[in-house]
Amino acid sequence: MPRPRRARDIPLRFDDGFRGAIAMLVSVPFVVVAVLMLRGPKDDLGTALAWLCVSFTVFFVVYNAWTHLLLSREDARTVTRLVALQHRRGASTLSKALGLRSAEEWGVTAAATALVISIAAAVVGARDGGLLLPVLVLVTVASTWVSVVYAFALRYLRLHAAGERIDFGLDEEPEFGEFLSMAVMVSAVGALSGGTPRTRAGLTAVRVQTVVAFAFNTIVVAMAVSLITGLVTSS
């Protein structure tokens, strides 16, 4: 007699890799359009790069919006139980395959995406891309910055749920919004606001985000703005 199948203790929608894979599938059609532009009778690098910007932006928006709605609308006790279990088990096989094993990897991947897009826009130039390309590059850079914030907000939530306490000075249990606000402040100004880590693991996560955010803000954002300014001026 076959053994009954165990119910999945962590719903698939909570798997970072699953949400990332779905977001990737949604963005694939835009990548296909970009490839077709390059393989056409007349190569249009500017238009192809613009479609790639759209594909990256769609991926980040779908993933982050889904993550936000999932963690904000689910029952708080259910979220706490599931993210604590995820923290103890580590990244799933699908998450590892997509490079979503940790907030650090996600932040570096997002920053690298923004950097490559900015450099490619500078190489293509305003002659091929027009004024629309700088706008799309800015949107892509902004979406990657937001992705770093969400990656670390999720990390703080999981640390807190697993017992690595982060104190917000509340009489009630903090929800995802508090961790998101904390991650925004660390990425924006490199300072804690609202939440205070009470364990070494939480403090280490804040330090890592501070380094990633500093590199993103000083290198990626500054380079993107400089390159886009040059594109607009030359056009």
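What you are looking at is a predicted structure, and each value in this text was computed from that prediction instead of being measured.

J.: In this structure, what is going on with the overall build of the protein chain? I would like to understand it.
T.: Assigned secondary structure in the protein chain consists of 9 helices and 2 strands. Along the chain direction, N to C, the helices and strands of the protein chain fall in the order α-α-α-α-α-α-α-β-α-β-α. Counting only residues that meet the buried cut, the protein chain has 39% of its 235 residues in that class. Of the contacts made within the protein chain by residues no fewer than 6 positions apart, 78% connect residues no fewer than 24 positions apart. Accessible surface computed for the protein chain: about 12700 Å², of which carbon and sulfur atoms make up 63%.

J.: Where do I start with the environment of Val206 in this structure?
T.: Turning to its location among the elements, Val206 is positioned in helix H9 (residues 200-234). Taking relative accessible area as the criterion, Val206 reaches 7% and is therefore assigned buried.

J.: Any chance you could explain the side chain of Thr57 here in plain terms?
T.: Looking at the secondary structure, you find Thr57 in helix H2 (residues 45-73). Side-chain polar atoms of Thr57 contact the backbone oxygen of Cys53, separated by 2.9 Å. Apart from residues no more than four positions distant in its own chain, Thr57 is found in contact with Val139, Thr140 and Ser143.

J.: Sorry if this is basic, but what is going on with a nonpolar patch on the surface here?
T.: On the surface, Met24, Leu25, Val28, Val32 and Leu36 cluster together to form a nonpolar patch covering roughly 450 Å² of accessible area. With respect to the secondary-structure elements, Met24 resides in helix H1 (residues 16-39).

J.: For this particular structure, what's the right way to read the environment of Phe60?
T.: Residue placement: Phe60 occurs in helix H2. Judged by relative accessible area, Phe60 falls into the buried class, the value being 4%. Separated by 85 residues in the primary sequence, Phe60 and Trp145 have C-alpha atoms spaced 9.8 Å apart. Sequence-distant contacts of Phe60, that is, excluding residues within four places in its chain, are made with Trp106, Ala110, Thr113, Ser143, Thr144 and Ser147.

Criteria and cut-off values
Residues numbered from 1 in each chain as written. Predicted model: local features only at pLDDT ≥ 70, side-chain atom pairs only at ≥ 80, totals over all residues. Heavy atoms only, no water. Helix = DSSP H or I, 4+ residues; strand = E, 2+ residues; numbered from the N terminus. Buried < 20%, exposed > 50% of the residue type's maximum accessible area, 1.4 Å probe, protein only. Contact = heavy atoms within 4.5 Å. Areas by Shrake-Rupley, 256 points an atom, 1.4 Å probe, with all protein chains shown as cover. Polar contact = N/O pair within 3.5 Å; in protein donor to acceptor, adjacent residues only side chain to side chain. Patch = residues over 30% accessible without salt bridge, like charges linked within 9 Å, V, L, I, M, F, W, Y side chains within 5 Å. Salt bridge = Lys/Arg side-chain N within 4 Å of Asp/Glu carboxyl O.

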